Amino acid sequence: MTVTAPDLIESAKLAVVKVGSALITDTDHFTMGGLAGDIKERPWHAVLVSSGAVAVGNERVPTLDPKQTEDRHALSAIGQATLITMWQSAFDAYNKVAAQVLLTPDVTDDRSRYLNARAALRALFDNGVIPIVNENDAVTTRDFRYGDNDRLAAKTAGLIGADLLIILSDVDGLYTSNPSKDPDAKHVSYVPYGEASRYFEAAEDTKSGGVGTGGMRSKLAAARIAIDWGVTTIIASGRRPHPLRDLVTGEARCTIFEAGDKISARRRWLSGVHERSGSMDIDAGALKALKAEASLLACGVVQVAEPFLKGDVIDIRHDNQVVGFGLAACDSASIGSAEGSTIVLRRDDLILTEHDHDRNDQ
Ligand SMILES: Nc1ncnc2c1ncn2[C@@H]1O[C@H](COP(=O)(O)OP(=O)(O)O)[C@@H](O)[C@H]1O
Ligand SMILES: N[C@@H](CCC(=O)OP(=O)(O)O)C(=O)O
């Protein structure tokens, strides 16, 4: 039996709601107050991932160009302050305190900082505060950023162990092709687990006027991250006075992405890590053992390609191909002199790229 949006929203205990720049600036159709009321109305803990800092910053200082990296960073710094003030005013009407949490990939890559961020979010929930998350764009680099807030929303859902991710956009879900260009595009109401990749070509990588970075492609990518972690994902329109309430009453349609099995909090963190700190090559026997759910032993290591320390996230390679990544159980320097049976990487701390993906995509 397929689940419905009202069921999903009514039963969600922990949810992430994402709002894009296109909505934040579309004041004719979207109101922060309407969404704040919808969030307050539900008995859940919710995190709001809000884009819009660059867009709002650009309204205040139009001489800066959002297409230039340095200007964009400056605009986000200007806009964040305004954006959070606007959200706080919206939540004031419901006697709710909003809190600003700015994340960067180096925070979520580092296990202890990741746990600190999670603890902070939990403390906010425990005190009835609504966390408003955005990327700290002013300090990101071209290679080291989430890139778009759809992915950031998926990672935030993984961080808090959400059961539901709702991505609000200017469109009421995924279509078989871009509906703003193709009059024959058909709305997709339900995507069974394992079928999201079928829509990759249909979901175009459009950009919303230089201030946003998303497009439907990044929403689909975010949905795929979230569902692989066991988080059901909804894409719906935010261009209504009460976008969540209308989903609950069935007045608004949306696309639901069915989720796979929940994976452990530790594996959610590990599979979201951006950077690798080292790498090693393993032999065919070791790869076979890893596929059979065994840990990696020192006897299966052919060579350390890039040195690493215990606790670093490293790439595992076989035949010059990356076959997975995981958390090193020892320093690379100790592997040469270690007994063959020494554990170099525990199976629970390993993501096998092909194998685990196939398992998740079934
Ligand atoms: N297959 C598709 N289904 C729905 N929308 C699509 C599709 N392909 C491209 N789009 C476009 O993606 C837009 C939504 O993305 P975007 O403007 O980045 O929103 P946001 O600012 O909310 O992140 C839609 O308005 C639509 O024009
Ligand atoms: N962090 C940026 C937004 C980046 C982004 O992904 O925007 P969008 O595609 O509108 O969700 C900002 O606040 O302006």
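Cut-offs applied
Residues numbered from 1 in each chain as written. Chains lettered and ligands numbered in written order. Predicted model: local features only at pLDDT ≥ 70, side-chain atom pairs only at ≥ 80, totals over all residues. Heavy atoms only, no water. Near = heavy atom within 4 Å. Polar contact = N/O pair within 3.5 Å; in protein donor to acceptor, adjacent residues only side chain to side chain. Areas by Shrake-Rupley, 256 points an atom, 1.4 Å probe, with all protein chains shown as cover. Helix = DSSP H or I, 4+ residues; strand = E, 2+ residues; numbered from the N terminus. Nonpolar A, V, L, I, M, F, W, Y, C, P; charged D, E, K, R; others polar. UniProt positions renumbered as here; feature names shortened; annotations may be inferred. Contact = heavy atoms within 4.5 Å. Salt bridge = Lys/Arg side-chain N within 4 Å of Asp/Glu carboxyl O. Buried < 20%, exposed > 50% of the residue type's maximum accessible area, 1.4 Å probe, protein only.

Below, the discussion takes up the site of ligand 1. The immediate surroundings of ligand 1 are formed by 24 residues, with Asp170, Tyr175, Ala202, Gly215 and Lys219 found nearest. Here a nitrogen atom of ligand 1 and a backbone polar atom of glutamate 204 are 3.0 Å apart. Contact distances for ligand 1 include 2.6 Å between an oxygen atom and a backbone N or O atom of glycine 215. Compared with its free state, where it exposes 580 Å², ligand 1 has 93% of that area covered by protein. Sorting the residues of the shell around ligand 1 by element identifies α2 (21–24), β5 (164–169) and α9 (216–228) as the ones contributing at least two each. Class assignment of the residues belonging to the shell around ligand 1 gives a composition of 9 nonpolar, 11 polar and 4 charged.

According to UniProt, the feature "binding site: ATP" (unreviewed entry) maps to Lys18, Ser169, Asp170, Thr213, Gly214, Gly215, Met216, Arg217, Ser218 and Lys219 in the numbering used here. Position of lysine 18 relative to the elements: it lies in strand β1 (residues 14–19). Beyond its immediate chain neighbours, meaning those up to four positions away, lysine 18 contacts Val49, Ser51, Asn149, Asp150, Ala153, Ile166, Ile167, Leu168 and Lys219.

To continue, consider the pattern of salt bridges. Tallied over the entire structure, the rule returns 15 salt bridges. Salt-bridge contacts for arginine 42 lead to glutamate 10; the nearest nitrogen and oxygen are separated by 2.9 Å. On the criterion of sequence distance, the pair formed by arginine 42 in the loop between α3 (32–41) and β2 (45–50) and glutamate 10 in helix α1 (residues 5–11) is long-range, its members being 32 residues apart. What makes arginine 42 buried here is its relative accessible area of 15%. Under the relative-accessibility criterion, glutamate 10 is labelled partly exposed at 47%. Of the charged contacts in the structure, one is a salt bridge between arginine 266 and aspartate 349, with a shortest N-O distance of 2.7 Å. Placement of the pair is arginine 266 in helix α11 (residues 265–272) and aspartate 349 in the loop between β14 (343–345) and β15 (350–352), with a sequence separation of 83 residues. The structure contains a network of salt bridges with shared partners spanning Lys18, Asp150 and Lys219.

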